[in-house]
There are 2 protein chains.
Amino acid sequence: MGEFDLIARYFTRPARQAVLGVGDDCALLAPRPGMQLAISSDMLVQGRHFFADVDPAALGHKALAVNLSDLAACGARPLAFTLALALPQIDEPWLAGFSAGLLALADEHGCELVGGDTTQGPLNICITVFGEVPAGQALLRSGARAGDDIYVSGTLGDARLALEALFGHVELPAAALQAARQRLERPTPRVALGLALRGIASSALDVSDGLTGDLGHILKASGVGATLDAAAISQLLAARAWFAAGGSQFPPELLHQCTLAGGDDYELAFTAPAARREAVQAAARQAGVPVTRIGTVDGTPGLRLVDGQGLPLAQRPASFDHFGTSQ
Amino acid sequence: MGEFDLIARYFTRPARQAVLGVGDDCALLAPRPGMQLAISSDMLVQGRHFFADVDPAALGHKALAVNLSDLAACGARPLAFTLALALPQIDEPWLAGFSAGLLALADEHGCELVGGDTTQGPLNICITVFGEVPAGQALLRSGARAGDDIYVSGTLGDARLALEALFGHVELPAAALQAARQRLERPTPRVALGLALRGIASSALDVSDGLTGDLGHILKASGVGATLDAAAISQLLAARAWFAAGGSQFPPELLHQCTLAGGDDYELAFTAPAARREAVQAAARQAGVPVTRIGTVDGTPGLRLVDGQGLPLAQRPASFDHFGTSQ
């Protein structure tokens, strides 16, 4: 099987919304009048973003999910994506699994594969995703204002916990590991929430490298500071329930590490004026995902963590950096 | 230096045409009314597309050039691109060279870097490029009709010849090698020609994997066949002049291999009605690149090569396939 058969068999489907899909020099998209095109690109590398033995269907899902998560963070509706794929060799069962996982998530979001590239090389997956958002309505990192509430969607830290367990740093009950691993390997992009938050959130991003590090980007872009309630945040680790059920306490240091700086959460962190609390909760109900208020934006530069009593937390764990150095 | 410093130092410049550039979850483009967005993505892998010791500035140039070449083939005007980059380690001199070569070509075409990704991993460069083309005016592979002329721009085969010389399969005078190597390492995307051919060419693509294999895509998409003049095509190897000057003949088999199936040419191959010959030449003059008529589209499926006397050429060299098998 050559390059062109591979593309035809696993990655070519008729264009639906796109003017032109896979098979020419370029794909053609026709954005609707008044719409801006939101674009994001993520590259996944074996050993850095996934294990060599990961289920290919899960990898296909995740490769697109992390890109859809960026569209969600901007409040953009997914339209299409391109896939560039370097493969050590043509492994048909792997390709069948990968494309099935990829295209299932794509179909769920009406996001069609319109082009890309395949080549031989160390396994590398690069997806570029396109969404549309009405002009001026994109959720940006730069809109947070002093006095805004800070929220995060869903749960936090379970993906990191799964990683720690897979590395043998912590032991989890089998069912807890399975649930956490699902969060690591099959993240859910919060597309519906991003859309529902347009006109409500003052800023947003997706939590991919760890909550505090990622929130730092909002603070920097908005020229503000923030105080976060670490106690409220530590409640967001789903796996805590397994420890509570077994009568044991979750190791506190690991709890902070996972929830504050875990990485791979793909939840939305966002800010909204305090006057919009009801609108935020209505958006969350509409999108079918809980959101939790975790802090407040203020005018003092920097990010402060306080415990349940409002006392400063001594140490802040480092966020994930793709070159292995702490930020 | 971490991921974010790297992006800030080498790949962040203020957005010009884009609504939003590097630094948020997504970039935002606002296509003009009546315009379609042309999108193409190419992934370059060390050992497959370039040598480990290639000049990083040339590599930066080429990584964008091969993508701009796809826009050229569609008659699209370059707007913006994203860059995803996997690097074994942060090597600042390499990054400085790479980004200089990349951004110089980007500036030449008014094509701005709006986003992307960086990560640690085996060297891999994935660029996705965006251009605009008036609705319905994109040059496609599917428009060739029986009776159309077939053209190719510029010169053919010198990139492949450089590769053969670098592998030690052929010996070239130093100046000839230097010229051929320039074609391999710093291809010129024929953007102006693609724009000038809108409304004139009936089909087009860029020659990246070898002329005959690539033309096969046009024939298949258009449901036609073609006859090519191998003698006219063999004139298009620029390096022939060096051999002629030295009084020696270029090895005929290598000549056909390089011009008919060389790869890495990044010239435009296109078809146009015979009635538009003057318009084609006017477009070529406007774009400042010669185009040569090399054959005719007909209704008989398949691609036939004839020599200067119109007699069939016995053997057709195989095109390049990114998984190393012949097509």
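See the structure shown above.
Worth saying up front: this structure is predicted, and the values here are computed from it rather than measured.

Undergrad: With reference to specific residues and values, describe the nonpolar core.
TA: In this structure, Ala38(A) and Ala38(B) are the most contacted members of the largest nonpolar core, which totals 209 residues. With residues near it in sequence (within four places) discarded, Ala38(B) still touches Cys26(A), Leu28(A), Leu71(B), Cys74(B), Ala76(B), Gly131(B), Glu132(B), Val133(B) and Ala138(B).

Undergrad: Which residues make up helix α7 (residues 211–222) of chain A, and what are the values?
TA: Its 12 residues place the ends of α7(A) 17 Å apart at the C-alpha level, agreeing with the 16 Å of an ideal helix rising 1.5 Å per residue. Just beyond α7(A), the residue with positive phi is Gly223(A), at close to 65°.

Undergrad: Summarise unusual backbone geometry; cite the residues concerned and give the values.
TA: Of all residues except glycine, most have a negative phi; of all peptide bonds, most are trans. The backbone phi angle of Asp264(A) is positive, close to 65°, even though this residue is not glycine. Even without a glycine there, the phi angle at Tyr266(B) is positive, about 55°.

Undergrad: Hey, could you go over the relation of the copies chain A and chain B for me, with residue numbers and the actual values?
TA: Superposition record for chain A on chain B: RMSD 0.0 Å, screw rotation 180°, translation along axis 0.0 Å. Put plainly, the chains are arranged around a two-fold axis. Interface overlap between copies is the fraction of interface residues in one copy that are interface residues in the other; for chain A against chain B it reaches 100%, indicating a shared surface.

Undergrad: Describe the pairing of strand β10 (residues 291–298) of chain B, and please don't skip the residues or the numbers.
TA: Residue and element names in this part refer to chain B. Strand direction decides the pairing type here: strand β6 (residues 149–153) and β10, joined by five bridges, are antiparallel. Note that in β10 the partner of Asp149 across the bridge is Thr296. Examined bridge by bridge, strand β8 (residues 225–229) and β10 share four bridges and lie antiparallel to one another. Bridge pairing in β10 links Gly225 to Asp298.

Undergrad: Describe the sheet that holds strand β5 (residues 124–134) of chain A, with residues and values.
TA: A sheet is described by the order of its strands in space; here five strands give the open sequence β4(A)-β3(A)-β5(A)-β2(A)-β1(B), paired in mixed fashion. A strand with exactly one partner marks an edge of an open sheet, and here the two such strands are β4 (112–120) of chain A together with β1 (27–29) of chain B. The average undirected angle you get between the axes of adjacent strands in this sheet is 20°. The pairing of strand β3 (residues 77–87) of chain A with β4(A) spans eight bridges and is classified as parallel. Among the inter-strand pairings, Leu85(A) is bridged to a residue of β4(A), identified as Thr118(A). Across the sheet, helix α2 (residues 56–74) of chain A lies against β2 (35–45), β3 and β5 of chain A, angled at about 25° from β5(A), the strand it touches most.

Undergrad: Outline helix α2 (residues 56–74) of chain B, listing residues and values.
TA: All names here are of chain B. For α2, with 19 residues, the first-to-last C-alpha span of 28 Å sits near the 27 Å given by 1.5 Å per residue. With 19 of 19 residues buried, α2 lies mostly within the body of the structure. One or two residues past the end of α2 sits Gly75, with phi positive at roughly 70°.

Undergrad: Residues and numbers for the interface of chain A and chain B, please.
TA: On the side of chain B, 56 residues touch chain A, which itself brings 56 residues to the contact. Of all the secondary structure elements, the ones that give two or more residues to the side of chain A that touches chain B are α1 (3–11), β1 (27–29), β2, α2, β3, β4, β5 and β7 (203–207) of chain A. By residue number, the principal contributor to the side of chain A that touches chain B is β2(A), which donates nine residues. Residues that form the side of chain A that touches chain B fall into these classes: 29 nonpolar, 17 polar and 10 charged.

Undergrad: Got a sec to walk through the packing of α2(B) against helix α3 (residues 92–108) of chain B? Specific residues and values, please.
TA: Residues and elements named next belong to chain B. Two numbers describe how α2 lies on α3: the axes approach to 6 Å, and their chain directions differ by 40°. In terms of their interaxial angle, α2 and α3 are classed as oblique. Considering how the two elements wind past one another, α2 and α3 form a crossing that is right-handed. Here Pro56, Ala57, Ala58, Leu59, Gly60, His61, Ala63, Leu64 and Ala65 of α2 lie close against α3, whose contacting residues are Trp94, Gly97, Phe98, Ser99, Ala100, Gly101, Leu102, Leu105 and Ala106. A per-class count over the contact of α2 with α3 returns 13 nonpolar, five polar and no charged.

The rules behind each value
- Residues numbered from 1 in each chain as written.
- Chains lettered and ligands numbered in written order.
- Predicted model: local features only at pLDDT ≥ 70, side-chain atom pairs only at ≥ 80, totals over all residues.
- Core = buried A, V, L, I, M, F, W, Y, C linked by C-beta atoms within 7 Å.
- Buried ≥ 20, exposed ≤ 12 C-beta atoms within 10 Å, placed from the backbone.
- Contact = placed C-beta atoms within 7 Å.
- Helix = DSSP H or I, 4+ residues; strand = E, 2+ residues; numbered from the N terminus.
- Expected span 1.5 Å × (residues − 1).
- Least-squares fit on C-alpha atoms with pLDDT ≥ 70 in both.
- Pairing = 2+ DSSP bridges.
- Axes fitted to C-alpha atoms, helices over the stretch in contact; angles between N-to-C directions.
- Nonpolar A, V, L, I, M, F, W, Y, C, P; charged D, E, K, R; others polar.
- Parallel < 35°, antiparallel > 145°, perpendicular 65-115°, else oblique.
- Left-handed = near helix turned anticlockwise from the far one by under 90°.

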